[in-house]
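Here is how the chains run, residue by residue.
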Amino acid sequence: MGRGFFGHKGWGKQGRGLGLGLGRRRRGQGAGHGAALCTACPIGNSLNEAAPGTTCRILRLMGCGPVRQRLLDLGIRPCREVTVVRNAPLNDPIELRVGDSFIVLRRREAAQIEVEHV
Amino acid sequence: MSETRLVALAGQQNAGKSTLFNLLTGLTQHIANYPGVTVEKKSGWYSDGGRSVEVVDLPGCYSLTSYSPEERVARAFLLDEAPDVVVNVLDASNLRRGLPLTFQLLEMGIPVIVALNMMDVAEGRGLQIDLAALEKRLCVPVIPVVGRKGQGGDALRRAIAEARDTRPATLNYGALEPAVQELQALLADQPALKVYSARWLAVKLLEDDSEAARLLSERVENPHPILDRAHRLRAAIPGEDTAADKIATARDMLAADIVGTCITATRAGHVPMSERIDRFLLNRWLAPVFLVATIWAIYQLSIVQGYELTKVTWPILAGIRNIAAGLLPDAGFLVDPQIRSLGLWLVDSANTLLNYVPIFLILFALIAILEDSGYMARIAFILDRILNRFGLHGQSTLPFILAGVFAGGCAVPGVMATKGIPDHRARLATILTVPFMNCLAKIPLYTLLLNIYFPEAKGLMLFYLSTITVIAALLVSKLLTTTLLSRHETAPFVMELPNYHLPTVKGVLRRSVDRTWLYIKKVGTVVVAIAVVIYVLLQFPGVPADREVAYQARAETAIARFYDALDGNPNTAAVPDQAALIDLINVHTAYKAARLNAGGRDAAMAIDARLAEEHPQFAPFVLRSRVAADKEAAAALRDLAGERTTLRREMREDKIESSFLGMVGRGLEPVTRFADFDWKINVALLASFAARESSVATLGVLFDQEDGQNQTLEDRMGAAQGAEGRTALSAVALMLFFALYPPCLATVIMVRVQTESYLWMGFSIVFPTILGLAVASTVFSLGSALNLTGLQAMTAVYLAGLAALLIVALPKPWMRLPARAPVAEDSP
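This is a predicted model, so every value here is computed, not measured.

(A) Representation of the overall build of chain B in the model. Per the secondary structure count, chain B includes 37 helices and 10 strands. Taking all 828 residues of chain B together, 44% fall into the buried category. The contacts of chain B with a sequence gap of at least 6 include a subset with a gap of at least 24, amounting to 74%.

Structure representation (structure tokens):
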């Protein structure tokens, strides 16, 4: 197990399925220059690797479309600090604390958030 | 003045919008769907100083993008219906996350009132909110309310009455501001766009919002210069962040700034109560225990106790049937008037459905408690990992529980409960697999067959049957999501864990009654309509004339025997002719039905007394007596009634056999032969499409014997089936088919309602039929070839299903390796 395993979840088979879904929604919107981010991997650490109890600062959000918008809506945006509260009993999803909100997200999504530890 | 004010309630999920909506409108509510989507539209009214105010509860949304149906619906409403005022419900204890939506509403140019809800929670957290400062920063009225305790409703109504156009504060987008202003100026020059706020549209175009672009293309003759300009402005933004990111960041920064100046946290660093509860409830080891305990409690309270409750309510329904039987034209000796049969058939169909009302009331109340308390979101969090493996969603748990994960539920509320699943693909997969669960109505057939064929291994077989449906549902869901549904929209699993709240009695009761009523209304009407169709298919073209004559002759013999037995008996005077005799028989039947339904000795005595009073001449035939002549009369009537029942049963069987449905059943025999279903079982299965319960009832009619008065259906069916060379293996095939059988009519209607598509409705019928038939045929054919016993075959099927499940669920290292390499390279 470990990060390689979950890393796959973000970029392997299921990630492609997500891309197809987005393709449908984005029809007629033009490629947009954010498109490059949709397929990019985080260069540094991803939130997926942060152990429960650690606090990180968000550097970049990968991914695009609804995922990105939802993350932004919930206050997960660059420069903010988030704390990993706990893993689900089966290790996925994870729970974060952002300000006064408690937010859960799958590791697949967490792997698309580049963070630095503080 | 009778002018109506239109008020929209907007806010995020968990901000307490619904409680506030109830507080404002009281009991005058109307729930419908927005056209084309399955998003619920709730509207209500109240009158304020002679003025009527319509309140529309918009779906909960975090912002007003076009990414989710909820947000699209909310936005379309705000744009198209142009409400007089928007009440923005904010959670006072988490203002920072709520304010970005407020900014977007303000930008749209609609008068906004901020209802600051959950003031008590904020106070409990030690947050001091400077309302005056907040009002000043936002330039809109801010009304503190506590929706759950009903505080602040009057102040809010007053604010709504006084609301008028104000010049709202505009948000400064910093580096993006020049771009926004340029677009805004371009848009303001377009007369066709006067109704929309130019600034709002400018921001949306910069965000690359597809709906905004569409709006522009529809309204403006030549939108390309503006769209091009927007595209160029977007492309000119330096750095990696898109305009949408920058806009979201600007909103968040302003929210943080406002929170910083208006709120003083007196207990900073304090761990919230909800988090402290979660340390137990979401603990790695305790979470599964609590979850299982919760599910068990739901099952116990709603299904088991609710079933007990139906024993109390059933006599009421049976009473209604007896009243209907009394009102309808009287029964004939052999053939009843058509209107009587149809009337009773309809009452029976409706009763079958209404019988579940107590279960639903309890079930829906418990679910409302789960939802309002905030535990539902935690269930999704705990189970998402497993369900996600099969293409489902954490929130698919509830529909499966409702539909009867353990045997005993109903797919109708199950399908209804899929409403909350945000992921479209997972939602469809859930809708299509929920009917596989064992609903309450599948149980009678299982019990019947298990009693006949597996009297020793009943427990094990029930365990197999109740868990194999879950295995099948998960496998089918995986199959569908990777094939047919793979192109459907998915949504990320990113969700907020709401704070724990104590649900209010009023809120829970209201939701439970509302949902049950919705079920009765939506399903009841359709089921009754289809019941008529099935009735016609079963009744016509009727018994062939020659056989009808034969039945008539036998009836006349029976009547003659009756008069022979009564020869010389003084009671004969009561039945001088045929008409009187039919009267007597009907009185006898009604009396027996009333006695069966009567609870307790006193009620039974009252029925006896009433009969003696109303029909004194028939009393000797019907009531118990010590007089020899009366005993003789009663015995003669008993024989006649018995003979009549037999004749009528035979005729009914004959009628079903020669009916349209019977023909179809026979016509299907070549196909169902491989699963060892004969025409009788085919008819029972076809009839059970209207309501599952009827499968056993139809079998009861079909497996009747002339002298079958005292034999149970188990014995009769066992004997008849045994004579035809049927074994436990056939029963296994039948039960497997029944487990995978298409959803009943009510569920199918619900599938139609929830998917908004006849295509999926059709699919939900055809696919399980083919699957069920394939499985049943394979099991029967292979089982016969290998000479397996029923139990062996069932065990083999179960193990095969389990193996398939594990193969799908377990991680596959060989498929993971190629994908892993680039990740490993990238990480330092």
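(B) Quick peek at the UniProt feature "domain: Ferrous iron transporter FeoA-like" (unreviewed entry) in chain A. The UniProt feature table records "domain: Ferrous iron transporter FeoA-like" (unreviewed entry) at residues 45-117 of chain A. Taken end to end, residues 45-117 of chain A is 16% helix and 42% strand, and its first and last C-alpha atoms sit 9 Å apart.

(C) Examining helix 15 (residues 357-373) of chain B more closely. Over its 17 residues, helix 15 of chain B extends 24 Å from the first C-alpha to the last, a length consistent with the 24 Å expected when each residue adds 1.5 Å. Three or more residues of helix 15 of chain B are buried, namely B:Pro358, B:Ile359, B:Phe360, B:Leu363, B:Phe364, B:Ala365, B:Leu366, B:Ile367, B:Ala368 and B:Asp372.

(D) A look at the pairing of strand 5 (residues 101-105) of chain A. All names here are of chain A. Among the five residues in strand 5, five count as buried, and that is most of the element. By the alternation rule, side chains of strand 5 split into Ser 101, Ile 103 and Leu 105 and Phe 102 and Val 104, which are all buried. The pairing of strand 4 (residues 94-98) with strand 5 spans five bridges and is antiparallel. Residue Arg 97 lies in a different strand from strand 5, and its bridge partner there is Phe 102. Here strand 4 hands over to strand 5 after two residues, with Gly 99 in that stretch at a positive phi of 60°.

(E) Molecular detail of the pairing of strand 1 (residues 4-11) of chain B. Residue and element names in this part refer to chain B. As judged from the six bridges shared by strand 1 and strand 4 (residues 51-57), these two strands associate in the parallel manner. Residue pairing in the sheet places Thr 4 in a bridge with Ser 52 of strand 4. Direction of pairing for strand 1 relative to strand 5 (residues 85-91): parallel, over a ladder of five bridges. Bridge pairing in strand 5 places Leu 9 opposite Val 87.

(F) Region of interest: the UniProt feature "binding site: Mg(2+) 2" (unreviewed entry) in chain B. Residues and elements named next belong to chain B. UniProt annotation of "binding site: Mg(2+) 2" (unreviewed entry) refers to Thr 25 and Gly 26 when read in the numbering used here. Note that Thr 25 resides in helix 1 (residues 17-25). In this structure Thr 25 touches Gly 44, Trp 45, Tyr 46 and Val 55, once residues within four positions along its chain are discounted. The residue Gly 26 is located in the loop between helix 1 and strand 2 (29-33) in this model.

(G) Representation of the domain arrangement of chain B. All names here are of chain B. Its domain assignment divides chain B into domain 1 (4-162), domain 2 (174-272), domain 3 (286-505) and domain 4 (545-655). Centre-to-centre, using C-alpha coordinates, domain 1 lies 22 Å away from domain 2. Listed per partner, the contact involves 21 residues of domain 1 and 24 residues of domain 2. At the level of secondary structure, the elements contributing two or more residues to the side of domain 1 that touches domain 2 comprise helix 2 (69-80), helix 3 (95-107), strand 7 (127-129) and helix 5 (131-138). If one sorts the elements of the side of domain 1 that touches domain 2 by residue count, helix 3 sits on top with six residues. Of the residues in the side of domain 1 that touches domain 2, the class split is 10 nonpolar, five polar and six charged.

(H) Representation of the confidence of the model for chain B. All names here are of chain B. Predicted confidence across chain B gives a mean pLDDT of 82, with 90% of residues reaching 70 or more. The low-confidence segment residues 704-710, where pLDDT is below 50, has seven contacts with residues more than four positions distant or belonging to other chains. Confidence over residues 816-828 falls short of pLDDT 50; this stretch has 17 contacts with residues more than four positions distant or in other chains. Interface predicted TM-score (ipTM) for the complex: 0.75; the corresponding pTM is 0.77.

(I) Structural context of the packing of helix 21 (residues 458-482) of chain B against helix 33 (residues 728-740) of chain B. Residue and element names in this part refer to chain B. Running from N to C, helix 21 and helix 33 cross one another at 50°; their axes reach a closest spacing of 10 Å. Relative to helix 33, helix 21 is oriented oblique. Considering only the axes of helix 21 and helix 33, their crossing is right-handed. Taken together, the residues of helix 33 that come into contact with helix 21 (itself represented by Leu 465, Ile 468, Thr 469 and Ala 472) are Met 735, Ala 739 and Leu 740. Here the contact of helix 21 with helix 33 is built from residues that sort into six nonpolar, one polar and no charged.

(J) Quick look at the sheet that holds strand 1 (residues 45-46) of chain A. Read across the sheet, seven strands follow the order 1(A)-6(A)-2(A)-3(A)-4(A)-5(A)-10(B) without closing on themselves; strand pairing throughout is antiparallel. Among the strands making up the open sheet, the edge pair consists of strand 1 of chain A together with strand 10 (494-496) of chain B.

(K) Focus on unusual backbone geometry. A cis amide bond links A:Asp92 to the next residue, A:Pro93, at an omega of 0°. Among the structural elements, A:Pro93 can be located in the loop between strand 3 (81-87) and strand 4. Non-glycine residue B:Ala82 carries a positive phi angle of around 40°. As for its placement among the helices and strands, B:Ala82 is situated in the loop between helix 2 and strand 5. Positive phi values are uncommon outside glycine, yet B:Cys139 reaches one of about 60°. Structurally, B:Cys139 can be placed in the loop between helix 5 and strand 8 (142-144).

Cut-offs used in this document
- Residues numbered from 1 in each chain as written.
- Chains lettered and ligands numbered in written order.
- Predicted model: local features only at pLDDT ≥ 70, side-chain atom pairs only at ≥ 80, totals over all residues.
- Helix = DSSP H or I, 4+ residues; strand = E, 2+ residues; numbered from the N terminus.
- Buried ≥ 20, exposed ≤ 12 C-beta atoms within 10 Å, placed from the backbone.
- Contact = placed C-beta atoms within 7 Å.
- UniProt positions renumbered as here; feature names shortened; annotations may be inferred.
- Expected span 1.5 Å × (residues − 1).
- Pairing = 2+ DSSP bridges.
- Domains from an automatic or database assignment.
- Nonpolar A, V, L, I, M, F, W, Y, C, P; charged D, E, K, R; others polar.
- pLDDT = per-residue confidence, 0-100.
- Axes fitted to C-alpha atoms, helices over the stretch in contact; angles between N-to-C directions.
- Parallel < 35°, antiparallel > 145°, perpendicular 65-115°, else oblique.
- Left-handed = near helix turned anticlockwise from the far one by under 90°.

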